[in-house]
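Report on the structure
Next come the chains, spelled out residue by residue.
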Amino acid sequence: MYSADRDRMFSVFDSAWDVHEAEQIREALQIGERADESLDEVTTSLERASSWGTYDMFGGGMITTAIKHSHIDESRTFAREAQEDLRQFESELEDIHFDSELELELGGFDRFADHFLDGLIFDWVVQSKIHRSRDEVIQVQDRVIAALRGLDASAARVKSRLTELDAERLSLIEAGV
């Protein structure tokens, strides 16, 4: 009986891994949320460029073209930031060996950045690229959101496990084991 109690005690007090896992999940959630916010900025900027691009296609003039390209430049800046955030998020997911079916595939976003960061020449080509780029950003953002939901579920499981271990630890201490 003593051996079983001792083994139970060591298992309860050896919850450092659970605490470490909870911290890793928390970090991944923070970075994933930052990536999601970065993608929001890209999408918003692309939608602004698209609106001005539509107006430009119907004869908006030089000022309209300048405003549209200002939003395109802004989108490029946000896209670079989002790429870095996504790389960090992917790295955090790898660190915690996150479920592979929710892994991010950044190839689509990299293609978006490659196409989008190239020179944009004609208004209709610009408009088409803006819409295609926005759609690709939204697809990547959907994968980020799915990963965040999975991380939330993992965090809840770890929190529940830590709560159980705390209760068991208290029980052992009260029993004098």
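Everything here concerns the structure above.
What this report covers is the structure whose coordinates are included nearby.

This paragraph deals with the overall build of the protein chain. If you tally the helices and strands in the protein chain, you get 5 helices and 0 strands. Starting at the N terminus and walking to the C terminus, you meet the elements of the protein chain as α-α-α-α-α. Counting only residues that meet the buried cut, the protein chain has 38% of its 177 residues in that class. At a minimum sequence separation of 6, the contacts of the protein chain that also span at least 24 residues come to 84%. Surface exposure of the protein chain reaches about 10,400 Å², of which carbon and sulfur atoms provide 53%.

Turning our eyes to something else, we now look at the side chain of Asp36. Within the secondary structure, Asp36 sits in helix 2 (residues 16–57). One buried charged residue, Asp36, forms no salt bridge at all, with the nearest opposite charge on Arg149 at 9.1 Å. Discounting residues that sit within four places of it in the chain, Asp36 has contacts with Gln141, Val144, Ile145 and Leu148.

Counting 28 residues, the largest nonpolar core has Leu39, Val42, Phe89, Val144 and Leu151 as its most contacted members. If you list the elements that add at least two residues to this core, you get helix 2, helix 3 (62–95) and helix 5 (123–175). When residues of this core are assigned to their parent elements, the largest contribution, 10 residues, is made by helix 5.

Conventions used here
Residues numbered from 1 in each chain as written. Predicted model: local features only at pLDDT ≥ 70, side-chain atom pairs only at ≥ 80, totals over all residues. Heavy atoms only, no water. Helix = DSSP H or I, 4+ residues; strand = E, 2+ residues; numbered from the N terminus. Buried < 20%, exposed > 50% of the residue type's maximum accessible area, 1.4 Å probe, protein only. Contact = heavy atoms within 4.5 Å. Areas by Shrake-Rupley, 256 points an atom, 1.4 Å probe, with all protein chains shown as cover. Lys, Arg positive; Asp, Glu negative; His and termini not counted. Salt bridge = Lys/Arg side-chain N within 4 Å of Asp/Glu carboxyl O. Core = buried A, V, L, I, M, F, W, Y, C linked by side-chain atoms within 4.5 Å.

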